[in-house]
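Structural characterization, general
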Amino acid sequence: MRQAVSVRAPAKVNLLLRVLERRADGFHELETLFQTIDLADKLTVELAGDSVALEVTGADTGPVGDNLAFRAAQAYRHVADLKPGVRIRLAKNIPAGAGLGGGSSDAAATLRALNHLTGGAVSTEALHAIAAGLGSDVPFFLCGSALALARGRGDELITAPSLPSAAVVLVCPPVHVATGPVYAALAERRALGGRQAHAQLERVPSDWDAVEDIAANDFEPGVADAHPEVRRALDALRDAGLRLAMLSGSGGACFGLVSSASEASLTAQRLSDEFGWRVVATRTLEEVPAVATA
């Protein structure tokens, strides 16, 4: 049994995000197209001690007990009846509250790492049940696909062949967007303007032109209204001529596609100089980072 492994936990952007009817359990039906990008946290996970310990560097993620990587390790130990403890070192690079799924990706990476360390002590079905219990985005990060269409609470997944890697400019305004007010703003907007009916996506797009035809985020108007920085970021991306300039998830990170890595770097530097915010030149991923020996 290997005692320590490392794994990169990538961020995601939502190429489509539709909020549908409220379910009996209080959650909303969603339809969203997840795409991983090459902006990642790094975790080192080892079997050590007799409990779960988490050390975080790079950003404040709040109380340890609320951290999804910590909770994932606790849940895994319970399901696997794992006697050794778990030590996690988490280097944060993905901003929190930005709609990029950093915490969910950390949780999925922890589950993958622990199942690697234990030689697959937990079945695929049980692993995905743990993921679904931790949060709506965690099953995507666990599914092993860089691109997937999600329905239900986000846990009913249709994986798809990867899109060609594309250069991305990611703008991270200095705002933390809470999910509750975002849903409330969307409900108010719909009550005033009437509900829009959306046809369910029949298939996962196979190229970026097809993605552009369906790209939308129901949260974007409300988040942009509540946070002027988000509207400035979106306007700047669109004024620069980027494709698919839109909000990711429930915000506040915004992204767009450019034709090359060099153009992404130049655009990111210009926008960073203009706003004084974190702006990242990155790319979409075609495969999920593998677990590696630490």
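Coordinates for the structure precede this section.
By convention here, each chain's residues receive numbers from 1 onward along its written sequence. With pLDDT at 70 or above as the cut-off, local features in this predicted model cover only qualifying residues; side-chain atom pairs require 80 or more to be listed or tallied, and sums for whole chains, interfaces and linings still use all residues. Hydrogens and water molecules were not included; the side-chain quantities draw on all heavy atoms of the structure.

1. So, the layout of surface pockets
Stated precisely, the cut-off is as follows: Grid spacing is 1 Å over the protein atoms alone, the probe is 1.4 Å, and a cavity is where that probe fits but cannot get out, while a pocket is an open set with protein on both sides within 12 Å along at least five of seven lines and lining residues have an atom within 4 Å of a point. Grid points are joined across faces, edges and corners, and a volume is the space filled by probe spheres set on the points. Gly falls in the polar group here, along with every residue not listed as nonpolar (Ala, Val, Leu, Ile, Met, Phe, Trp, Tyr, Cys, Pro) or charged (Asp, Glu, Lys, Arg).
Estimates place the volume of the largest pocket at around 1,100 Å³. Lining the largest pocket we find 41 residues, and of these Leu-68, Gly-101, Ser-104, Asp-137 and Thr-179 sit closest to its centre. Residues that form the lining of the largest pocket fall into these classes: 16 nonpolar, 18 polar and 7 charged.

2. A short note on the pattern of salt bridges
Operational definition: A pairing counts as a salt bridge when a side-chain nitrogen of Lys or Arg comes within 4 Å of a carboxyl oxygen of Asp or Glu. Under the DSSP-based scheme used, a helix requires at least four consecutive residues in state H or I and a strand at least two consecutive residues in state E, with every element numbered from the N terminus. For every residue, the accessible area (1.4 Å probe, protein chains only) is compared with the maximum for its type, and the residue is labelled buried under 20%, exposed over 50%, or partly exposed between those bounds.
Applying the stated criterion to the full structure yields 15 salt bridges. One salt bridge in this structure joins Arg-18 and Asp-218, with 2.8 Å as the shortest N-O distance. Of this pair, Arg-18 sits in strand β1 (residues 4–22) while Asp-218 sits in the loop between β8 (216–217) and α7 (220–226), and the two are 200 residues apart along the sequence. You'll find Arg-18 and Asp-218 in the same group, each marked buried. Between Glu-220 and Arg-238 there is a salt bridge; the shortest N-O distance is 2.7 Å. A residue pair is termed long-range when its members are at least 10 positions apart, and Glu-220 in helix α7 and Arg-238 in helix α8 (residues 228–239) qualify at 18 residues. Given the relative accessible area of 14%, Glu-220 is considered buried. Since its relative accessible area comes to 40%, Arg-238 is described here as partly exposed. Taken together, the shared-partner salt bridges in this structure form one network comprising Glu-46, Glu-55, Arg-87 and Arg-89.

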